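The chain contents come next:
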Amino acid sequence: MLWPASSQHPMSIAASAEVAAAGYVSRLIKLDNPVRDYAWGSTTAIPALLGTEASGQPVAELWIGAHPDSPSRSLARSDRPGLDALIAADPAGLLGPDVASRFGARLPFLVKLLAADRALSIQVHPNQAQAEAGYAAENAAGLAQDSPLRNYRDGHHKPEMAYAITEFDAFCGFRPVPGTVELLDALDVAPLRAYRDLLVGAGGPQAAFSALLAVTGTERDQLIEQTLAGCRRLVGAGRRWTDVAAACLLAGADHPGDIGAVLLLLLNLVRLAPGEAIYLGAGNVHAYLRGVCLELLATSDNVLRAGLTGKHLDVPELVRIADFSPTVQPRLQPAEVTGGRVSFRPPVPDFELAVCRQPTELPGRRPYLVLAGEAPVRLGEPAGNQAELAPWQAAFVAAGAGSCLAEPSGRLFVASVGAAR
């Protein structure tokens, strides 16, 4: 049962006073969240959600969590400590003993609001063993932590899921070979025929992808030019594959002269309706194109890139860790759907997501990042402490005794660790 704004949680007032007298510290920490201004970001989407004035500069991502590079900061204290520092000072107290024993003194997941107005880089993330080995090797080689030549900035894997806030376009995983052959035949571009032959040969997508990454100079320029011309013809004809061709043209316009616009032909184009999601596991080759999503990922910054970027490329390492197996259905299906709650549970222990439109209990055995959607959310805990989140405001709910209660008046996004596996 919910309580009115003027009243206590069902714990008695006397009990609440006893807890306060014993030095009780609230589990509810409202957050001030940093933004990232990458060039591909939208100038308007995130400011519009936050109700702030657009500056004319791109606002690509809002980070909500304890990543050491851009931690959220507590609004409860005047010195605004970072959430990473608060957790490091008391991991068992804020994360709970079970989560702290599984993940150490770190929040294992990060929430982002992401708004893409240009194509992001084609990229891939390592699994845990690859991340640990790569990070150790680059440290041993003496690469500075902030070196642009680094592939591995930490020793953690980076699986991620994206939940569409608006219609959201992305490329995700390799299309089964027969479909890509049909697409290449529809394009009918002479320089692509050699890569079509590699695709249907023993090497499959890996051979075609690697060969496209290796092409250089005039040959590459002509390949890109003629491929995009083929895409324009296909769009004009209005037949099958026009959506993929149009998306490749968009990426090509965002990144002129970049082989990434050709590489995308090998991947699945996924258009998510609001409320749909995709999961991008280790090795999945992907690129976001347009739209606003909520991204939930392991707390890591390990990225290897293949194209649509001016950043460092390490093609041999990328090909080594990429997963070239065909992806038939990239969408992540909900694990649970009730009248007011949809839950997504990717196949990793680091995170899961619930999207709630009903009163929701947050059991104290684990921590949460909660984000209000388009309408305010009231949070309350057994000691009687309450907090209200304005639209698109977030809070950290620490582990502790009893269940906190979240009362959304619209959507509420609840991120937490997944079950132990």
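It should be noted that the structure appears before, not after, this text.
Rules and cut-offs
Residues numbered from 1 in each chain as written. Predicted model: local features only at pLDDT ≥ 70, side-chain atom pairs only at ≥ 80, totals over all residues. Heavy atoms only, no water. Helix = DSSP H or I, 4+ residues; strand = E, 2+ residues; numbered from the N terminus. Rg over C-alpha atoms; globule rule 2.2 N^0.38 Å. Areas by Shrake-Rupley, 256 points an atom, 1.4 Å probe, with all protein chains shown as cover. Lys, Arg positive; Asp, Glu negative; His and termini not counted. Charge placed at Lys NZ, Arg CZ, Asp CG, Glu CD. Pairing = 2+ DSSP bridges. Axes fitted to C-alpha atoms, helices over the stretch in contact; angles between N-to-C directions. Expected span 1.5 Å × (residues − 1). Contact = heavy atoms within 4.5 Å. Polar contact = N/O pair within 3.5 Å; in protein donor to acceptor, adjacent residues only side chain to side chain. Buried < 20%, exposed > 50% of the residue type's maximum accessible area, 1.4 Å probe, protein only. Core = buried A, V, L, I, M, F, W, Y, C linked by side-chain atoms within 4.5 Å. Parallel < 35°, antiparallel > 145°, perpendicular 65-115°, else oblique. Nonpolar A, V, L, I, M, F, W, Y, C, P; charged D, E, K, R; others polar. Salt bridge = Lys/Arg side-chain N within 4 Å of Asp/Glu carboxyl O.

**Here we look at the overall build of the protein chain**
The secondary structure content of the protein chain amounts to 13 helices and 22 strands. The C-alpha radius of gyration of the protein chain comes to 23 Å, within 12% of the 22 Å expected for a compact globule of 421 residues. If you sum the accessible surface of the protein chain, you get close to 17,300 Å²; carbon and sulfur atoms cover 54% of it. Positive and negative side-chain charges in the protein chain, numbering 35 and 42 respectively, have mean positions lying 2 Å apart.

**Some details on the sheet that holds strand β22 (residues 412-416)**
Taken in spatial order, the 8 strands make up an open sheet running β4-β1-β20-β17-β22-β15-β14-β13, and their pairing is antiparallel. Both outer strands of the open sheet, β4 (73-74) and β13 (336-337), are each paired with one neighbouring strand and no more. Bridge count for strand β17 (residues 368-372) against strand β20 (residues 394-397) is 4 bridges, and the pairing is antiparallel. Considered in β20, the bridge of Tyr368 is made with Val397.

**Focus on the pairing of strand β14 (residues 341-344)**
Along a regular strand, successive side chains alternate from one face of the sheet to the other. In this structure, β13 lies alongside β14, joined through 2 bridges in antiparallel fashion. Among the inter-strand pairings, Glu336 is bridged to a residue of β14, identified as Ser343. Linkage of β13 to β14, two consecutive antiparallel strands, is achieved through a turn of 3 residues. Direction of pairing for β14 relative to strand β15 (residues 352-356): antiparallel, over a ladder of 4 bridges. Within the sheet, the bridge partner assigned to Ser343 lies in β15 and is Ala354.

**Considering the sheet that holds strand β21 (residues 404-408)**
The sheet built from 4 strands is open, its strands ordered β16-β21-β18-β19 with antiparallel pairing. Strands with a single pairing partner mark the edges of an open sheet, and in this sheet they are β16 (360-362) and β19 (386-389). The average undirected angle you get between the axes of adjacent strands in this sheet is 20 degrees.

**Quick word on helix α6 (residues 128-140)**
Here α6 contains 13 residues, and its C-alpha end-to-end distance of 18 Å stays within 8% of the 18 Å for a straight helix at 1.5 Å per residue. The inward-facing, buried residues of α6 contact α13 (315-321). The distance from a side-chain oxygen at the start of α6 to the backbone nitrogen of Ala129 is 3.2 Å, and the residue carrying that oxygen is Asn127. At the C-terminal side of α6, Gly142 shows a positive phi close to 85 degrees.

**Thoughts on unusual backbone geometry**
Of note in the backbone geometry, Trp241 takes a positive phi value of approximately 80 degrees without being a glycine. Position of Trp241 relative to the elements: it lies in the loop between α10 (217-237) and α11 (242-254). A positive phi angle is found at Leu308, which is not glycine, with a value near 55 degrees. For Leu308, the position within the fold is in the loop between β12 (304-307) and α13. The buried category is assigned to Leu308, whose relative accessible area is 2%.

**Remarks on the environment of Asn268**
Topologically, Asn268 is positioned in strand β9 (residues 267-272). On the basis of relative accessible area, Asn268 is assigned to the buried category, the value being 10%. Asn268 sits 89 residues away from Gly179 along the chain, and the two C-alpha atoms are 9.6 Å apart. Beyond its immediate stretch of four places on either side in the chain, Asn268 contacts Ala170, Phe171, Cys172, Gly173, Phe174, Arg175, Pro176, Thr327 and Pro330. For Asn268, the side chain forms a polar contact with the main-chain oxygen of Phe174, separated by 3.4 Å. One polar contact links the side chain of Asn268 to the main-chain carbonyl oxygen of Thr327, over a distance of 2.9 Å.

**Brief notes about the nonpolar core**
Formed by 50 residues in total, the largest nonpolar core has its most connected members in Leu187, Leu192, Phe209 and Leu264. Broken down by element, the residue count for this core peaks at 6 residues, all from α11. Beyond its immediate chain neighbours, meaning those up to four positions away, Leu187 contacts Leu192, Gly230, Cys231, Arg233, Leu234 and Leu265. Counting 43 residues, the second-largest nonpolar core is a separate cluster that includes Val111, Ala277, Leu369 and Ala415.

**A few points about the packing of helix α7 (residues 177-187) against α10**
At a minimum axis separation of 9 Å, α7 and α10 run at an interaxial angle of 90 degrees. When the interaxial angle is binned, α7 and α10 end up roughly perpendicular. Along its contact with α7, which presents Leu183, Ala186 and Leu187, the element α10 presents Gly230, Cys231, Arg233 and Leu234. Here the contact of α7 with α10 is built from residues that sort into 5 nonpolar, 1 polar and 1 charged.

**Some details on the environment of Lys158**
Position of Lys158 relative to the elements: it lies in the loop between α6 and β7 (160-164). Taking the C-alpha atoms as reference points, Lys158 and Pro34, separated by 124 residues in sequence, lie 20 Å from one another. In this structure, Lys158 is in contact with His125, Pro126, Leu297, Ala298, Ser300, Asp301, Asn302 and Val303, ignoring residues within four places of it in sequence.

**Section: the pattern of salt bridges**
Summed over all chains, the structure comprises 19 salt bridges. Close ionic contact of Arg77 with Asp79 constitutes a salt bridge, the shortest N to O distance being 2.8 Å. Judged by its relative accessible area of 42%, Arg77 is partly exposed. Asp79 gets classed as partly exposed once you look at its relative accessible area, which sits at 48%. Two residues, Glu167 and Arg271, come together in a salt bridge whose shortest N-O distance is 3.9 Å. Here Glu167 is found in the loop between β7 and β8 (168-174), whereas its partner Arg271 is found in strand β9, with 104 residues between them in sequence. The network of salt bridges with shared partners includes Glu336, Arg345, Glu352 and Arg366.

Keep in mind these values describe shape, not function.
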